[in-house]
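# Working through the structure, step by step
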Amino acid sequence: MEEFLTFFETVPSSTRSVFLVSGLALFLSLEAIVPLFRMEYKKIQHAKLNLTFTLITLLINLIGASFIVAAVDFNMTNQFGLLNITTLPLWLYVILGLTLLDLLGAWFIHWLEHRVKWMWRFHIIHHTDQNIDVTSGLRHHPGENIFRLLFTTLAVLATGASFGLVMLYQTISAFFAALTHANIQFPKILDKPLSWIFVTPHFHKVHHHFSLPQTDSNYGNIFSIWDHLFSTTSNIEMQELKYGIDTHMKQSEHSNFKNLLMIPFQSYRQPVGTKFDD
Ligand SMILES: [Zn+2]
């Protein structure tokens, strides 16, 4: 276990890039072999748009890595954070660390993005995608990248996670983003029981249904336990799924890079079944 964490602590960025590209290639192949839906769309154009957002995300995270490193250093020097209150067996440290990082750095910020109007304006970009596939996972507005980064840093501070643990968490998180958005058939017999603990492909796709209440549910990133605990789950049959967000269903709006960047600054549109008071 010790070596396992050290591996994630020391893995060079070249190896990390190889992981990322081969993961993407694996899911793209599976989408071609066992697609969940036969979607009529320009896959290359769609991928170009989403991968542009992905590249911006990676760039912001590269710059933001210094915040996370600073938070880890602070924890180490001051023995700060929940995980450092007492000495835990390593397996418990890893499990507790991953679940808490996931709660504070992913579930909570995602839930907030659906509750706070100005955050929602940025998060809409992720929901405008009407063809959810592996490239949709990191389609986020740069503004959203910044407040997500801030919450990851806060989560590292609060938990007191070590650098190896943070890197392990980020790797699993990226894998889940790809797995849960990929347009692949996932056996129902596995999906259902796994979804009690983990965010499974079907569990997350419900979140991409175009209207409420499904849009405001299933916020989890790696672990679905937080949605079960806070009663924020909902369901819909996969055949009834319609991707997108009811406020931005026009092709010209959700497939244009410039327009997507501008959405947070355009006049606000109320989703059907209104989620905000004014
Ligand atoms: Zn969302």
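The shown structure was predicted, so the numbers you read here are calculated from the model rather than taken from an experiment.

### Observations regarding the overall build of the chain
- The secondary structure content of the chain amounts to 12 helices and 0 strands.
- Its helices and strands in sequence order give the chain the pattern α-α-α-α-α-α-α-α-α-α-α-α, from N to C terminus.
- Taking 2.2 N^0.38 as the reference for a compact globule, 278 residues should give roughly 19 Å; the C-alpha atoms of the chain span a radius of gyration of 19 Å, in line with that estimate.
- Split into buried and exposed, the 278 residues of the chain put 36% on the buried side.

### Some thoughts on the confidence of the model for the chain
- Taken over all residues, the pLDDT of the chain has a mean of 90, while the share at 70 or more is 97%.
- Of all helices and strands in the chain, the one with the weakest mean pLDDT is helix α1 (residues 2-10) (77), whereas helix α10 (residues 225-229) scores best (97).

### Observations regarding the environment of asparagine 256
- Within the fold, asparagine 256 resides in the loop between α11 (251-254) and α12 (257-262).
- Along the primary structure asparagine 256 and asparagine 131 are separated by 125 residues, whereas in three dimensions their C-alpha atoms are 14 Å apart.

### As for the environment of threonine 128
- Tracing the backbone through its elements, the reader meets threonine 128 in the loop between α5 (117-127) and α6 (142-159).
- It is 8.8 Å that separates the C-alpha atoms of threonine 128 and histidine 208, two residues lying 80 residues apart in sequence.

### Some remarks on helix α4 (residues 90-113)
- Taking 1.5 Å as the rise per residue, α4 with 24 residues should run 34 Å; its terminal C-alpha atoms sit 33 Å apart, in good agreement.
- The sharpest bend along α4 reaches about 35° and sits at leucine 103.
- Within α4 the residues assigned to the buried category are Val94, Gly97, Leu101, Asp102, Leu103, Gly105, Ala106, Trp107, Ile109, His110 and Glu113.
- Residues of α4 that are buried sit in contact with α5, α6, α7 (163-181) and α10.

### Structural notes on the nonpolar core
- In this structure, Ile68, Val72, Val156, Ala161, Leu165, Val166 and Tyr169 are the most contacted members of the largest nonpolar core, which totals 15 residues.
- Elements supplying a minimum of two residues to this core: α3 (43-78), α4, α6 and α7.
- For this core, the leading source of residues is α7, giving 6 residues.
- Leave out the neighbours within four places in its chain, and isoleucine 68 touches Thr152, Thr153, Val156 and Val166.
- Counting residues in each nonpolar core, the second largest holds 13 residues, with Val134, Phe176, Val199 and Ile222 among its members.

### Here's the deal with unusual backbone geometry
- Proline 213 follows leucine 212 through a cis peptide bond whose omega is 0°.
- Along the polypeptide, proline 213 turns up in the loop between α9 (201-207) and α10.
- The backbone phi angle of glutamine 79 is positive, close to 50°, even though this residue is not glycine.
- With respect to the element layout, glutamine 79 can be found in the loop between α3 and α4.
- Take glutamine 79: there are 10 C-beta atoms within 10 Å of it, and that puts it in the exposed class.

Thresholds applied
- Every chain's residues receive numbers from 1 upward, in the order its sequence appears when written.
- Per-residue local features are limited, in this predicted model, to residues with pLDDT of at least 70; the limit for side-chain atom pairs, both in listing and counting, is 80 or more; totals at the level of whole chains, interfaces and linings are taken over all residues.
- Secondary structure follows DSSP: runs of H or I at least 4 residues long count as helices, runs of E at least 2 residues long count as strands, and numbering of each begins at the N terminus.
- We take the radius of gyration over the C-alpha atoms and set the globule estimate at 2.2 Å times the residue count to the 0.38 power.
- Put plainly, a residue is buried at 20 or more neighbouring C-beta atoms within 10 Å of its own, exposed at 12 or fewer, and partly exposed in between, counting only other residues' C-beta atoms, which are placed from the backbone.
- pLDDT is defined as a per-residue confidence score from the predictor, taking values between 0 and 100.
- How far a helix is expected to stretch is found by multiplying one less than its residue total by 1.5 Å.
- Given a residue, its bend is the angle between the two axes fitted to the seven residues that end at it and to the seven that start from it.
- We call two residues in contact when their backbone-placed C-beta atoms lie within 7 Å.
- Put simply, a nonpolar core is buried Ala, Val, Leu, Ile, Met, Phe, Trp, Tyr and Cys residues tied into one set by C-beta atoms within 7 Å.

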